Amino acid sequence: QTSFSSWSLGNNSNAQLPITLLSFDAKRIGQTPEVLLQWRTAQEINNKGFEIEFSPDMQTFTTLAFIDGAGNTTTLRTYEWKVINPTAGYYRLKQIDFNQTLSYSGVVFVKGFDNSYAITLMPNPSSDYLSLSLPLAGNETAWLTICDLHGKVIWQGSTQERDLRWNVSSWANGVYLLQVRTSRGVEYRKFVVNK
C-alpha cells in the first residue's frame, strides 16, 4: 500500500476522529540512501503530532522522528520528512493526541538502496575525461582517493558534489583504483586510462 484516499485515524468510535488522513507515502529519492515521507491531512482535532516509525520486518517498529501536529485545524495540511536510510523496510505514522491517545496509519514499503550499484564511473576505459556520479544525500561528504596500482596517490580530496569530472589526458596509460569513503562505508572502483 503506497497511498489511499480519504481515511481517518481513530481508536474510539464514540469520539470525534482525531485526524482525517488523505494520503501517506514513502519513497526513495532516486538512486540515493535518502527516503522522503509525505502525508496530508484534511482536519486535525487535538493532534499533538506524529511519530515516524520504521521496521525492517513489520514485527518491531522503532521511532525515527517526531513531527509536531497542528493541534486543531480544518485546513488542508501537507507534511514531509527525510531520512538517510539505505535499509529496505516499512514506514508508518503513529498519531498522538494531547491526551496521549494513539492511532496508526497503514504501512508503506520502501526498497533498499544498493550503494555499489549507484556509483558510476565512465567512460571506462577513458582517454580524455573521466566522470564520476556519487549517491550522496543532503550534505553528505565523500572522501575520494585515486591511486595507481603501485599505490601512488594521483588525486585526493573530499566533496559534497554528486557529479565530478577529471581530465585524465595527461595521466599515464594503465589501471587505477578509486576509493570512495562515506559515512556508510568504503567502495572501490577500478578504471583504465588508455590514450
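This write-up is about the structure you can find in this document. (Residues numbered from 1 in each chain as written. Predicted model: local features only at pLDDT ≥ 70, side-chain atom pairs only at ≥ 80, totals over all residues. Heavy atoms only, no water.)

A few words now on the sheet that holds strand β15 (residues 185-193). The strands making up a sheet are joined through hydrogen bonds of the backbone, oriented either antiparallel or parallel. On the basis of which strands lie adjacent, the open sheet formed by 4 strands has the order β12-β11-β14-β15 and antiparallel pairing. If you trace the sheet from one side to the other, it starts and ends with β12 (153-159) and β15, each paired once. Averaged over neighbouring strand pairs, the angle between their axes works out to 15° when direction is ignored. Relative to β12, strand β11 (residues 142-148) runs antiparallel, the two sharing 6 bridges. By the bridge assignment, Trp 143 is partnered in β12 with Ser 158. (Pairing = 2+ DSSP bridges. Helix = DSSP H or I, 4+ residues; strand = E, 2+ residues; numbered from the N terminus. Axes fitted to C-alpha atoms, helices over the stretch in contact; angles between N-to-C directions.)

A word on the nonpolar core. Nonpolar side chains in soluble globular proteins generally cluster together in the buried interior. Among the nonpolar cores identified, the biggest contains 19 residues, and Phe 24, Leu 37, Trp 39, Ile 52, Trp 81, Tyr 91 and Leu 93 are the most heavily contacted of them. Those elements giving two or more residues to this core turn out to be β2 (19-28), β3 (34-55), β4 (62-73), β5 (77-84), β6 (89-97) and β8 (108-110). Once residues lying within four places of it in the same chain are set aside, the contact partners of Leu 37 are Phe 24, Asp 25, Ala 26, Ile 52, Tyr 79, Glu 80, Trp 81, Val 83 and Tyr 91. Among the nonpolar cores identified, the runner-up in size contains 18 residues, and Leu 130, Leu 132, Val 168 and Phe 191 belong to it. (Core = buried A, V, L, I, M, F, W, Y, C linked by side-chain atoms within 4.5 Å. Buried < 20%, exposed > 50% of the residue type's maximum accessible area, 1.4 Å probe, protein only. Contact = heavy atoms within 4.5 Å.)

Position of Ser 105 among the secondary structure elements: in the loop between β7 (102-104) and β8. On the basis of relative accessible area, Ser 105 is assigned to the buried category, the value being 8%. Counting along the chain gives 11 residues from Ser 105 to Lys 94, while the straight-line C-alpha distance between them is 6.7 Å.

Counted by the stated rule, this structure contains 10 aromatic pairs. For the pair Trp 155 and Trp 166, a centre-to-centre distance of 5.3 Å together with 75° between the ring planes defines the contact as edge-to-face. Of this pair, Trp 155 sits in strand β12 while Trp 166 sits in strand β13 (residues 163-167); the two residues are 11 residues apart in sequence, bridging distant segments of the chain. For the ring pair Trp 171 and Phe 191, a centre distance of 6.4 Å and an interplane angle of 45° mean the geometry is tilted. Residue Trp 171 is located in the loop between β13 and β14 (174-182), and its partner Phe 191 is located in strand β15; the two are separated by 20 residues in the primary sequence. Of the two residues examined, Trp 171 and Phe 191, each falls in the buried class. When the ring centre of Phe 61 is taken as origin, the NZ or CZ atom of Arg 92, which lies over that ring, is 3.8 Å away. Sitting over the face of the ring of Tyr 129, Arg 165 holds its NZ or CZ atom 4.0 Å from the ring centroid. (Phe/Tyr/Trp six-rings, centres within 6.5 Å; stacked < 30°, edge-to-face > 60°. Lys NZ or Arg CZ within 6 Å of the ring centre and 35° of its normal.)

Now for unusual backbone geometry. Glycine aside, residues mostly have negative phi angles, and peptide bonds mostly take the trans form. Met 122 connects to Pro 123 through a cis peptide bond whose omega is -5°. Structurally, the position occupied by Pro 123 is in the loop between β9 (120-122) and β10 (129-133). Here the bond from Asn 124 into Pro 125 is cis, since omega is 10°, no more than 30 degrees from zero. Within the secondary structure layout, Pro 125 lies in the loop between β9 and β10. Within the chain, Asn 46 stands out as a residue other than glycine whose phi angle is a positive 60°. Within the secondary structure, Asn 46 sits in strand β3. Of note, Gln 100 is a non-glycine position whose phi angle comes to about 75°, a positive value. Structurally, Gln 100 is set in the loop between β6 and β7.

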